[in-house]
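Topology and contacts: notes
Spelled out from the first residue to the last, the chains are:
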Amino acid sequence: MQNQQSQNSSKIANPQTGELPKVKSPGMNDRDFLNDGLSTCKYLTDSLNIAVREASHEQLYNDMAEILKETHDSCRNMFNLMFQHGWYKMEAEDQKKIDQAHKQFSNYSTQFPYQ
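Below is a short write-up of the structure.

Cut-offs applied
- For every chain, the first residue of the written sequence is number 1, and numbering continues from 1 onward in sequence order.
- Residues qualify for local features only when their pLDDT is at least 70, as the model is predicted, and side-chain atom pairs are given and counted only at 80 or more; totals for whole chains, interfaces and linings, by contrast, use all residues.
- Remark: hydrogens and water are excluded; side-chain values derive from all non-hydrogen atoms of the structure.
- A run of H or I in DSSP becomes a helix once it reaches four residues, and a run of E becomes a strand once it reaches two; helices and strands are each numbered from the N terminus.
- Each polar contact in these results corresponds to two N or O atoms within 3.5 Å; when the atoms are within protein, one needs to be able to donate a hydrogen and the other to accept it, and residues that are neighboring in sequence are counted only if both atoms are side-chain atoms.
- Whenever a carboxyl oxygen of Asp or Glu lies within 4 Å of a side-chain nitrogen of Lys or Arg, that contact is scored as a salt bridge.
- For every residue, the accessible area obtained with a 1.4 Å probe (protein chains only) is divided by the maximum for its type, and the residue is called buried under 20%, exposed over 50%, and partly exposed between those limits.
- To define axes, lines are fitted to C-alpha atoms, for helices over the stretch in contact only, and angles between the resulting N-to-C directions are given on a 0 to 180 degree scale.
- Oblique is the label for any angle not covered by the other classes, which are roughly parallel (under 35 degrees), roughly antiparallel (over 145) and roughly perpendicular (65 to 115).
- For any helix crossing, the convention is left-handed if the near helix is rotated counterclockwise from the far helix by under a right angle, and right-handed if that rotation is clockwise.
- Put simply, Ala, Val, Leu, Ile, Met, Phe, Trp, Tyr, Cys and Pro go in the nonpolar bin, Asp, Glu, Lys and Arg in the charged bin, and everything else, Gly too, in the polar bin.
- Here, the term nonpolar core denotes a set of buried Ala, Val, Leu, Ile, Met, Phe, Trp, Tyr and Cys residues that are joined through side-chain atoms within 4.5 Å.
- Contacts: residue pairs with any heavy atoms within 4.5 Å of one another.
- Ring pairs shown here join Phe, Tyr and Trp side chains whose ring centres sit within 6.5 Å, with only the six-membered ring taken for Trp; geometry is labelled stacked below 30 degrees between planes, edge-to-face above 60, and tilted in between.

**Topic: the side chain of Thr71**
- Along the chain, Thr71 falls in helix 3 (residues 58–84).
- At a separation of 2.7 Å, a polar atom in the side chain of Thr71 contacts the main-chain carbonyl oxygen of Ile67.

**Side note on the pattern of salt bridges**
- Per the counting criterion, the structure on display carries two salt bridges.
- Among the salt bridges present, the one from Lys69 reaches Asp73, with a minimum N-O distance of 2.8 Å. Here Lys69 pairs with Asp73, and both are found in helix 3, just four residues apart, close to one helical turn.
- Its relative accessible area of 35% is what places Asp73 among the partly exposed residues.
- Among the ionic pairs, Glu93 bridges to Lys97, the shortest N-O distance being 3.9 Å.

**Details of the environment of Ala55**
- Note on placement: Ala55 falls in the loop between helix 2 (30–54) and helix 3.
- Remark: the alpha-carbon pair of Ala55 and Ala65, spanning 10 residues in sequence, is separated by 9.6 Å.

**Overview of the packing of helix 2 against helix 3**
- With their axes 9 Å apart at the nearest point, helix 2 and helix 3 run at an angle of 155° to one another. Considering the angle they form, helix 2 stands roughly antiparallel to helix 3. Like other packed secondary-structure pairs, helix 2 and helix 3 cross with a definite hand, here left-handed.
- Among the residues forming the contact of helix 2 with helix 3, the class breakdown is 17 nonpolar, seven polar and two charged.

**Topic: the nonpolar core**
- Within the largest apolar cluster, seven residues are counted, these being Leu34, Leu38, Cys41, Cys75, Met78, Met82 and Trp87.
- Those residues in contact with Cys75 that lie beyond four places of it in its chain are Leu38, Cys41, Lys42 and Thr45.

**Focus: the packing of aromatic side chains**
- Counted according to the given criterion, the structure contains three aromatic pairs.
- Ring geometry for Phe79 against Phe83: centres 5.9 Å apart, planes inclined by 20°, an arrangement best described as stacked. In this pair, Phe79 and Phe83 both sit in helix 3, four residues apart, roughly one turn of the helix. Neither residue differs from the other here; Phe79 and Phe83 are each classed as buried.
- Aromatic side chains Phe105 and Tyr108 sit 5.2 Å apart centroid to centroid with 90° between the ring planes, which places their arrangement in the edge-to-face category.

Right under this line is the structure:
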């Protein structure tokens, strides 16, 4: 599969399912609704993360942490659904760049006070 990806393109995606209309209308289709939901979910998790981190009351912290987890799970479900339908594409990164980043951040661990 990796060789096939390298030869074909650097895109990681499933083929589109053909459920979308050929011509985009002014109305929202399934992909638009999922994309909007995923964008909203990302915004909510960013905001909830701050709220959880700054919660001063233990029960509030626990409740907000549970809501944050549920929201992350919802984001993941929407992402998976979009990816399955071929509506979410990603770029494959060059292995050299991955190895270089891994080496760079692995070297940071020598700076940690406790090992």
